[in-house]
Amino acid sequence: FLPAPYTFWKLAEHSYYKKAGDFAADYASALAASVPALKKHGYDCLLFLNPSVGYDLSKGALEKLDWVSDFFAPLKKAGATVGAHFPLADASKALPLVENSSIDFVGVDAIHSDFSKINTRKDVFLGVVDGARIGVESQAHIAQQVQAFLQEAQFSGNYFIGPNDLLFDVPYEAGLQKIASLARAAKQSLQRLDLAGCTKIT
């Protein structure tokens, strides 16, 4: 889990870089150089979290991001699996930013997104568990959200489930319970999966 370049650019103090695109290019190069070492230690996937996109979209203050698609290319070339997630954002407004990039999957915050307006060719990481709420979602609740997404959204057909954001706002024990509930829901879905179908859950 890493800060996406836009969020890193917005939230970190810096004086050297004058343009977000220049910062993003160097950030990508540094990470790409680290991919072989990361893979040696069992890290195959880089998931970039971009809460600043949702925040700026809500204010109508999102900066021009014409450099975003280029950011992921060095990471893919280095052999990493790459995803981009947009916590606290309506994914129907955020996903077009990365639709034409080389990333493998995109994150959809199920709590803040309008499923009926989601249209992507990418695989999806579906955030069905609230990372800011202490209550533990039941398997039935998770299944209901997943079913609504499958019925309303347009996407590749391949999806993963998880929290909508990092679980840093809930007590450790509650976080573990949320993860356990996700695991049970995923296992139940796998047991019901028609292997002849194209939709899978991991």
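Before any of the text, the structure's been laid out above.
Residues numbered from 1 in each chain as written. Predicted model: local features only at pLDDT ≥ 70, side-chain atom pairs only at ≥ 80, totals over all residues. Heavy atoms only, no water.

Student: Quick question: what am I supposed to make of the pairing of strand E5 (residues 123-129) here?
Tutor: Regular strands place their side chains on alternate faces of the sheet. Among the seven residues that make up E5, six are buried, leaving the element largely enclosed by the rest of the structure. Strand direction decides the pairing type here: strand E4 (residues 105-109) and E5, joined by five bridges, are parallel. If you follow Val-108 over to E5, its bridge partner there is Leu-126. Each parallel crossover has a hand, and the one from E5 via helix H6 (residues 139-152) to strand E6 (residues 158-163) is right-handed. (Buried < 20%, exposed > 50% of the residue type's maximum accessible area, 1.4 Å probe, protein only. Helix = DSSP H or I, 4+ residues; strand = E, 2+ residues; numbered from the N terminus. Pairing = 2+ DSSP bridges. Right-handed = clockwise from strand over helix to strand, strands pointing away.)

Student: What is the right way to look at helix H4 (residues 68-77) in this model?
Tutor: Structural remark: α-helix, 3.6 residues per turn; residues separated by three or four positions point the same way. Within H4, burial applies to Val-68, Phe-71, Phe-72 and Leu-75. End-on, the buried residues of H4 take up no more than an arc of 80°, which puts them together on one face. Residues of H4 that are exposed and angled more than 90 degrees away from the buried face: Asp-70 and Lys-77. Close packing links the buried residues of H4 with helix H1 (5-11), helix H2 (20-40), strand E2 (45-49) and strand E3 (81-85). Among the residues trailing H4, Gly-79 stands out with phi positive, at a value near 100°. (Arc of directions from axis to C-beta. Contact = heavy atoms within 4.5 Å.)

Student: Teacher, can you tell me more about the nonpolar core here?
Tutor: The tendency in soluble globular proteins is for nonpolar side chains to be buried side by side. In terms of nonpolar packing, the biggest core is built from 49 residues, with Phe-48, Phe-72, Val-108, Leu-126, Val-128, Phe-149 and Ile-161 touching the most fellow members. No other element matches the eight residues that H2 contributes to this core. Apart from the residues within four sequence positions on either side, Val-108 is in contact with His-85, Ala-91, Leu-95, Ser-113, Phe-115, Ile-118, Val-124, Phe-125, Leu-126, Gly-127 and Phe-149. (Core = buried A, V, L, I, M, F, W, Y, C linked by side-chain atoms within 4.5 Å.)

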